[in-house]
Amino acid sequence: MSEPDSYEDEDAVIETQLLPLDPWHRERGGRMVAFAGYWMPVQYEGIIAEHLWTRENAGLFDVSHMGQLEVSGEGAAAALEALLPGDITALKPGRLRYSLLLDENGGVLDDLMVTNRGEEIYVVVNGATKWDDIAHLREHLPDAITLNHLDEHGLLALQGPKAADALARLNLEPVAPGTPCLAELTFMQAGAFLWDGRPLWISRSGYTGEDGFEISVRGEHIEALANALCEQPEVKPIGLGARDSLRLEAGLPLYGHDLTPETDPVSAGLTFAVSKRRREEGGFAGAERVLDLLAGGTQSVRVGLALEGRQAAREGASVWSAGQQVGMVTSGGFSPTLQRPIAMAYVERPCAAEGASLEVEVRGKRLAASVVPMPFVPHRYYR
Amino acid sequence: MTRYFTQEHEWIEVNGEVGTVGITDYAQGQLGDITFVELPAEGATVGKGDSVSVVDSVKAASDVYSPVSGTVTEANPALADAPELVNSDAETGGWLFRVTLSDPAELEALMDEAAYKDFVAGL
């Protein structure tokens with residue numbers, strides 16, 4: 001039998017680092033793999049069980065490998081707008097939005113979350129790209145803007161329909177009077193809270209399609225917080241494997257796979273991240289090309305595929321229509337919720353309409369597939 | 001009946017000229033939840049070390065190599081609807097296929113159960 005190794009870093013060049021919760025994961029039976037430069041749990045009891053638990057209860061994900069950055073100084077939001085296509089200056093305090101770090105050609109360098117924290121802009125970027133992102137930001141932000149890497153903070157995601165019930169039992173207090181309490185936070189809102197005197201930054205957000213929270217916490221408090229959450233009957237720790245299958249079902253792209261410097265926001269179907277004002281005014285990295293693509297359309301587009309049978313198509317599988325290759329799968333796998341294989345693929349526009357019948361080549365065989373809307377499993381955000 | 005093991009974590013149980021092949025319990029544990037098994041066709045001629053089957057888990061697809069040369073006589077019909085049998089019963093009901101051995105001498109290069117246990121312990 002050949003080795004399964006899809007979560008391992010193939011090009012890790014530096015020594016794999018330990019996250020603050022490393023021993024905690026191992027004690028709980030986490031199977032650790034090298035991912036984004038860190039040892040991380042790919043699973044505890046099993047990916048399908050963890051996936052379904054999160055969809056029905058609440059899962060705790062350690063995403064401390066992700067980069068947490070603060071951008072501050074006079075005009076920080078406007079400075080970021082030179083690099084991102086989002087309307088950052090219009091972002092109100094306590095609000096966050098999804099955005100894209102673009103290169104000069106409109107290629108996607110990373111996808112990220114941008115929050116207005118009042119004093120500064122808080123940015124969460126992908127783990128595998130954080131060092132490149134930091135270098136890019138340092139190079140392109142004006143000298144008057146300060147970039148601070150919060151490398152002493154960990155990040156936990158609590159996701160699932162019972163996440164709010166579980167978190168409510170920790171009796172968190174809003175730091176600032178007049179800010180929403182935890183129960184009042186709606187999707188893409190955030191605030192500062194105290195847990196037993198310990199500061200947390202909490203946003204109602206996540207990458208599973210479920211209601212849930214992302215909690216930034218100093219490294220010295222993360223174990224106590226993870227324990228307090230896992231003491232709640234709704235909560236179990238969940239590994240990277242289920243994180244991937246959950247985000248796939250939610251139709252959310254994975255950077256490095258569904259998004260790369262060779263993809264652009266329009267082909268990726270992420271035009272919602274190019275704000276109306278920015279479309280009118282331009283002035284962001286890659287604006288010329290992105291605005292051209294918005295006006296003229298792209299050759300290919302990211303679509304959802306539902307495959308017949310049970311065999312999964314994975315990244316790199318070719319997509320065919322009438323004997324011609326018309327695209328490529330960028331991520332795919334077996335959907336535990338739908339009990340069938342699903343995939344994301346970039347497909348030439350004439351073949352990308354909902355309901356189009358295509359074929360995907362897997363290990364020399366052509367499997368029948370059809371274009372279906374994403375998300376594959378409906379989002380259940382708290383709005 | 002004698003059971004042999006490969007370094008690639010297949011087992012083969014030989015009864016006369018026919019061997020029943022599967023993946024080991026250790027292997028299924030490494031793969032995690034198995035969602036699909038592609039099996040060789042009845043009558044297919046296979047060579048020792050050929051990739052003859054694919055076990056798809058939520059994580060990845062893995063090749064299964066034939067421990068011996070021969071002709072496939074049967075594939076486990078239960079796996080089409082219940083691939084998870086390979087997780088729950090890897091070394092019994094989760095067998096993959098049966099093969100008529102064309103060169104029983106090939107078995108001599110395989111490990112017995114004790115040797116395989118030592119091999120896994122050293123991984």
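Along each chain, the written sequence defines residue order, and numbers are assigned to residues from 1. Here the convention is simple: chains get letters from A, ligands get numbers from 1, in the order in which they are written. Confidence filtering applies because this is a predicted model: local features only for residues at pLDDT of at least 70, side-chain atom pairs given and counted only at 80 or more, and all residues used for totals across whole chains, interfaces and linings. Calculated side-chain values reflect all of the structure's heavy atoms, with hydrogen atoms and water omitted.

An unreviewed UniProt entry lists chain B under the name Glycine cleavage system H protein, with Novosphingobium chloroacetimidivorans as the source organism. UniProt positions are given in the numbering used here, feature names are shortened, and annotations may be inferred rather than shown by experiment. Taken verbatim from the UniProt record of chain B, the Function (unreviewed entry) comment is "The glycine cleavage system catalyzes the degradation of glycine. The H protein shuttles the methylamine group of glycine from the P protein to the T protein."

Per an unreviewed UniProt entry, chain A goes by aminomethyltransferase and derives from Novosphingobium chloroacetimidivorans. In the Sequence similarities (unreviewed entry) part of its UniProt record, chain A is described as follows: "Belongs to the GcvT family." What UniProt records for chain A under Catalytic activity (unreviewed entry) is the sentence "N(6)-[(R)-S(8)-aminomethyldihydrolipoyl]-L-lysyl-[protein] + (6S)-5,6,7,8-tetrahydrofolate = N(6)-[(R)-dihydrolipoyl]-L-lysyl-[protein] + (6R)-5,10-methylene-5,6,7,8-tetrahydrofolate + NH4(+)".

K.L.:
Honestly, the interface of chain A and chain B in this entry has me stumped. Any pointers?
P.N.:
By convention, interface size is frequently given as the accessible area that disappears when the constituent parts associate. By definition in these notes, contact holds between two residues if any of their heavy atoms fall within 4.5 Å. Every contact between the two is made by 20 residues of chain A and, on the other side, 26 residues of chain B. Buried area, as used here, totals the accessible surface that two parts lose on assembly, with accessibility defined by a 1.4 Å probe and the loss added over both. Of the roughly 2100 Å² buried between chain A and chain B on both sides combined, carbon and sulfur atoms contribute 51%. Summed over the three residues of chain A that lose the most area to chain B, namely M1, R310 and R363 of chain A, the buried surface amounts to 37% of that side. Salt bridge, as applied in this entry: a Lys or Arg side-chain nitrogen positioned within 4 Å of an Asp or Glu carboxyl oxygen. Note that D63 of chain B is salt-bridged to R363 of chain A, the shortest N-O span being 2.1 Å. Think of a polar contact as two N or O atoms within 3.5 Å of one another; within protein, one of them needs to be a possible hydrogen donor and the other a possible acceptor, and neighboring residues in sequence only count if both atoms come from side chains. Linking chain A with chain B are 11 residue pairs in polar contact (both at pLDDT 80 or more), by the criterion used here. The way it works is that DSSP assigns letters per residue, a run of H or I at least four long becomes a helix, a run of E at least two long becomes a strand, and they are numbered from the N terminus. Of all the secondary-structure elements, those providing two or more residues to the side of chain A that touches chain B are β2 (38-43) and α2 (47-56) of chain A. Top contributing element to the side of chain A that touches chain B by residue count: α2 of chain A, with three residues. The classification used treats Ala, Val, Leu, Ile, Met, Phe, Trp, Tyr, Cys and Pro as nonpolar, Asp, Glu, Lys and Arg as charged, and all other residues, Gly among them, as polar. When the residues that make up the side of chain A that touches chain B are grouped by side-chain class, the tally is nine nonpolar, five polar and six charged.

K.L.:
What exactly am I supposed to notice about the UniProt feature "domain: Aminomethyltransferase C-terminal" (unreviewed entry) in chain A here?
P.N.:
In this structure's numbering, the residues bearing the UniProt feature "domain: Aminomethyltransferase C-terminal" (unreviewed entry) are residues 302-377 of chain A. Between the C-alpha atoms that bound residues 302-377 of chain A there is a distance of 17 Å. The span itself is 0% helix and 59% strand.

K.L.:
Please explain the UniProt feature "domain: Lipoyl-binding" (unreviewed entry) in chain B as it appears in this structure.
P.N.:
The feature "domain: Lipoyl-binding" (unreviewed entry), as given by UniProt, occupies residues 18-100 of chain B in the numbering adopted here. Between the C-alpha atoms that bound residues 18-100 of chain B the distance is 5 Å, and the span itself is 13% helix and 42% strand.

K.L.:
Can you help me understand the UniProt feature "binding site: substrate" (unreviewed entry) in chain A in this one?
P.N.:
Residues and elements named next belong to chain A. Here, the residues flagged by UniProt with the feature "binding site: substrate" (unreviewed entry) are E214. Note that E214 resides in strand β13 (residues 212-218). Those residues in contact with E214 that lie beyond four places of it in its chain are L156, A157, W201, I202, S203, S205 and G206.

K.L.:
How should the layout of surface pockets be read in this particular structure?
P.N.:
Remark: the empty space left among the atoms is shown by a probe the size of a water molecule rolled over them. Residues and elements named next belong to chain A. What the second largest pocket holds in volume is close to 620 Å³. The definitions used throughout rest on a 1 Å grid laid over the protein atoms alone, on which a cavity is an enclosed set of points accommodating a 1.4 Å probe that cannot get out and a pocket is an open set flanked by protein within 12 Å on both sides along at least five of seven lines; lining residues are those having an atom within 4 Å of a point. Lining the second largest pocket are 30 residues, and of these Y98, L252, L270, F272 and H379 lie nearest its centre. With four residues, the single largest contributor to the lining of the second largest pocket is strand β15 (residues 300-307). Partitioned by chemical class, the residues of the lining of the second largest pocket number 19 nonpolar, seven polar and four charged. Reported domain spans reflect what an automatic or database domain assignment gives. Mapped onto the domain boundaries, the lining of the second largest pocket takes at least three residues apiece from domain 1 (1-298) and domain 2 (299-383). Grid points are joined across faces, edges and corners, and a volume is the space filled by probe spheres set on the points.

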